[in-house]
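Residue-level listing of the chains:
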Protein chains: 2
Amino acid sequence: MTEAVARPGRGRRPSAEVRRDVLAAATELLLADGVAAVTFERVAQAAPASKVTLYKWWPTPGALAAEAYFAHVESGLRFDDSGDLTADLRAQLHAFVATLTDERIGPVIAGFIGAAQADAALAEAWSAGYSLERRRLAVERFARAEEAGQLRTGLDLEVLVDQLWGACYHRLLVRDQPLTPAFADAILDNLLRGVATAP
Amino acid sequence: MTEAVARPGRGRRPSAEVRRDVLAAATELLLADGVAAVTFERVAQAAPASKVTLYKWWPTPGALAAEAYFAHVESGLRFDDSGDLTADLRAQLHAFVATLTDERIGPVIAGFIGAAQADAALAEAWSAGYSLERRRLAVERFARAEEAGQLRTGLDLEVLVDQLWGACYHRLLVRDQPLTPAFADAILDNLLRGVATAP
DNA sequence: TGTTTATATGTACTAGTCGTACATAAACGA
DNA sequence: TCGTTTATGTACGACTAGTACATATAAACA
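Residues numbered from 1 in each chain as written. Chains lettered and ligands numbered in written order. Predicted model: local features only at pLDDT ≥ 70, side-chain atom pairs only at ≥ 80, totals over all residues.

1. Thoughts on the overall build of chain A
Stated precisely, the cut-off is as follows: Only DSSP runs of H or I reaching four residues or more are called helices, and only runs of E reaching two or more are called strands; each is numbered from the N terminus. Once C-beta atoms are placed from the backbone, each residue is buried if 20 or more other C-beta atoms lie within 10 Å of its own, exposed if 12 or fewer, and partly exposed for counts between those two. For every residue pair, C-beta atoms are placed from the backbone, and the pair is scored as a contact if these atoms sit within 7 Å.
On a plain count of helices and strands, chain A comes out with 9 helices and 0 strands. In terms of its C-alpha atoms, chain A occupies a principal-axis envelope of roughly 75 × 35 × 30 Å. Looking at chain A as a whole, 36% of its 199 residues qualify as buried. For chain A, the share of sequence-separated contacts (at least 6 apart) that also reach a separation of at least 24 residues comes to 62%.

2. Observations regarding the interface of chain A and chain B
Rules: Here the nonpolar group is Ala, Val, Leu, Ile, Met, Phe, Trp, Tyr, Cys and Pro; Asp, Glu, Lys and Arg are the charged ones; every other residue, Gly included, is treated as polar.
Contacts between chain A and chain B engage 44 residues on the former and 44 residues on the latter. Of all the secondary-structure elements, those providing two or more residues to the side of chain A that touches chain B are α6 (105-116), α7 (120-147), α8 (157-173) and α9 (181-193) of chain A. When residues of the side of chain A that touches chain B are assigned to their parent elements, the largest contribution, 11 residues, is made by α8 of chain A. The residue inventory of the side of chain A that touches chain B, partitioned by class, reads 22 nonpolar, 14 polar and 8 charged.

3. Regarding the relation of the copies chain A and chain B
What counts is decided by this rule: Each copy is superposed on the other by least squares, with the fit set by C-alpha atoms of residues at a pLDDT of at least 70 in both.
Superposition of chain A onto chain B requires a rotation of 180° combined with a translation of 0.0 Å along the rotation axis, giving an RMSD of 0.0 Å. Read as a symmetry element, the transformation amounts to a two-fold axis. A high fraction, 100%, of the interface residues of chain A reappear at the interface in chain B, so the copies pair face to face through one surface.

4. Notes on the domain arrangement of chain A
All names here are of chain A. Applied cut-off: Residue ranges assigned to each domain were obtained from an automatic or database domain assignment.
Domain assignment breaks chain A into domain 1 (15-72) and domain 2 (80-193). Between domain 1 and domain 2, the C-alpha centre-to-centre distance is 28 Å. Contributing elements (two or more residues each) for the side of domain 1 that touches domain 2: α1 (15-33) and α4 (61-73). Of the residues forming the side of domain 1 that touches domain 2, the biggest block, 6 residues, is contributed by α4. Among the residues forming the side of domain 1 that touches domain 2, the class breakdown is 9 nonpolar, 3 polar and 1 charged.

5. Observations regarding the packing of helix α4 (residues 61-73) of chain B against helix α7 (residues 120-147) of chain B
Residue and element names in this part refer to chain B. We count it as follows: Simply put, an axis is a line fit to the C-alpha atoms, just over the touching stretch for a helix, and the angle between two N-to-C directions goes from 0 to 180 degrees. Working rule for angles: under 35 degrees goes down as roughly parallel, over 145 as roughly antiparallel, 65 to 115 as roughly perpendicular, anything else as oblique. With the far helix as reference, a near helix turned anticlockwise by less than a right angle produces a left-handed crossing, and one turned clockwise produces a right-handed crossing.
Relative to each other, α4 and α7 sit at 20°, their axes nearing to 8 Å. As the angle between them shows, α4 and α7 are arranged roughly parallel. Crossing of α4 against α7: the hand is right-handed. Along the contact surface, α4 presents Gly-62, Ala-63, Ala-66, Glu-67 and Phe-70, while α7 presents Ala-121, Leu-122, Ala-125, Trp-126 and Gly-129. Among the residues forming the contact of α4 with α7, the class breakdown is 7 nonpolar, 2 polar and 1 charged.

6. Re the UniProt feature "DNA-binding region" (unreviewed entry) in chain A
Which entries qualify depends on this criterion: UniProt positions are given in the numbering used here, feature names are shortened, and annotations may be inferred rather than shown by experiment.
If you check UniProt for "DNA-binding region" (unreviewed entry), the listed places come out as residues 39-58 of chain A in our numbering. Along residues 39-58 of chain A one finds 70% helix and 0% strand; the C-alpha atoms at either end are 11 Å apart.

7. What about the UniProt feature "domain: HTH tetR-type" (unreviewed entry) in chain A?
In the numbering adopted here, UniProt assigns the feature "domain: HTH tetR-type" (unreviewed entry) to residues 16-76 of chain A. Within residues 16-76 of chain A, the helical portion is 74% and the strand portion 0%, while the C-alpha atoms at the span's ends are 24 Å from each other.

8. Considering the packing of α9 of chain A against helix α8 (residues 157-173) of chain B
Packing of α9 of chain A against α8 of chain B leaves a shortest axis separation of 10 Å and a crossing angle of 70°. Regarding the angle of α9 of chain A to α8 of chain B, the classification is roughly perpendicular. Within the contact between the two elements, α9 of chain A uses Phe-183, Ala-186, Ile-187, Asn-190 and Leu-191 of chain A and α8 of chain B uses Val-159, Leu-160, Asp-162 and Gln-163 of chain B. Taken together, the residues of the contact of α9 of chain A with α8 of chain B sort by class into 6 nonpolar, 2 polar and 1 charged.

9. Considering the nonpolar core
To be explicit about the condition: A set of buried Ala, Val, Leu, Ile, Met, Phe, Trp, Tyr and Cys residues, joined through C-beta atoms within 7 Å, is what we mean by a nonpolar core.
Counting 110 residues, the largest nonpolar core has Ala-26 of chain A together with Ala-26 of chain B as its most contacted members. Ignoring anything within four residues of it in the chain, the contact list for Ala-26 of chain A reads Val-38, Val-43, Leu-64, Ala-65 and Ala-68 of chain A.

Structure below.
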């Protein structure tokens, strides 16, 4: 795609048009070759756009890649509440594992979190555009479960997110053990019921 | 440090000497400026050693950085068994949180896991030289607890590692929530006792 | 409608890095 | 002692992050 319509060349192009072309080119590079492939050089060449323009709009290639990704996946974010906490969490975690193990999307997400360790602008973009919102939805669901008496009171609900979704991220990022639906079931069962024998 | 003793120049140096100098230079760069600072160019200049030599011994700068790090920290790996599972885990997790939040070491570990997402040789080195061994020690401690009747039977003990240490890594890598000793206590209590109300 | 301003553009740099090729010289092993 | 191994210096080419400068045009304003 990215048909580079022959243009006169020099001078100003409509901002919206440039933005659209740049994000499209970045998305293509991202999905084809991963986060590392999204460089200002390559995006500028593919868009086509001037490298100087990219530097003005995005602080780092990582931040551009993140915005392109968010615009591409376009949310569809849902956390259903059927009243059955276990079933709802199970559905969410299975969908999450399916996403992380998708051979197209999994490496992209791992790449983002990885690159964010050396790119503060990307880390900020990832939190603002991805992780914080997902965390919020989960915590809200936990809060309703707490009100319904399905969770112990006095828990820090944020912590539960790290023990479920965080555990999945761990298997994604450090690949010592497989990330499977069975793993999702196990972490859920462990956390809800506890693993210690009654004292 | 890294006194570059004036040498005749060209020709072969003793392998052990070169290795030592290279690892020392890599360690210095690593601790001073992070994983990203460990490039073959800079290490070769600081060691001093030839870039070609580095390429022969290490597949990527990340793999060199990992070996330098392992040689530097030199283990001291312990997982005490006092018979009290909760106390032992609490001690381990508090020490782990202290390590991850250490302003010198935390960024290094995050940098390694981050860089490993784009460097298969580093990922392999990290598993072989760091994460697998720690995982094994934890699982062994869990197995003894299971034998002692402190854990439910039939658990996948590997999963527990992800719900405890993995949860900490999650807070290290995606900094949406603080990583504190209180967090360590919370994940431990949640997992051992369970968070659901009795059915 | 005409003018100004904001901004995208092409070109051309500097500096750093990866990865490799080639010939040479010193350490190592037999 | 002598041949082999291996580290060395030098020099490439390709890619990337950033930046400087002059120029042309879209967008906004009079």
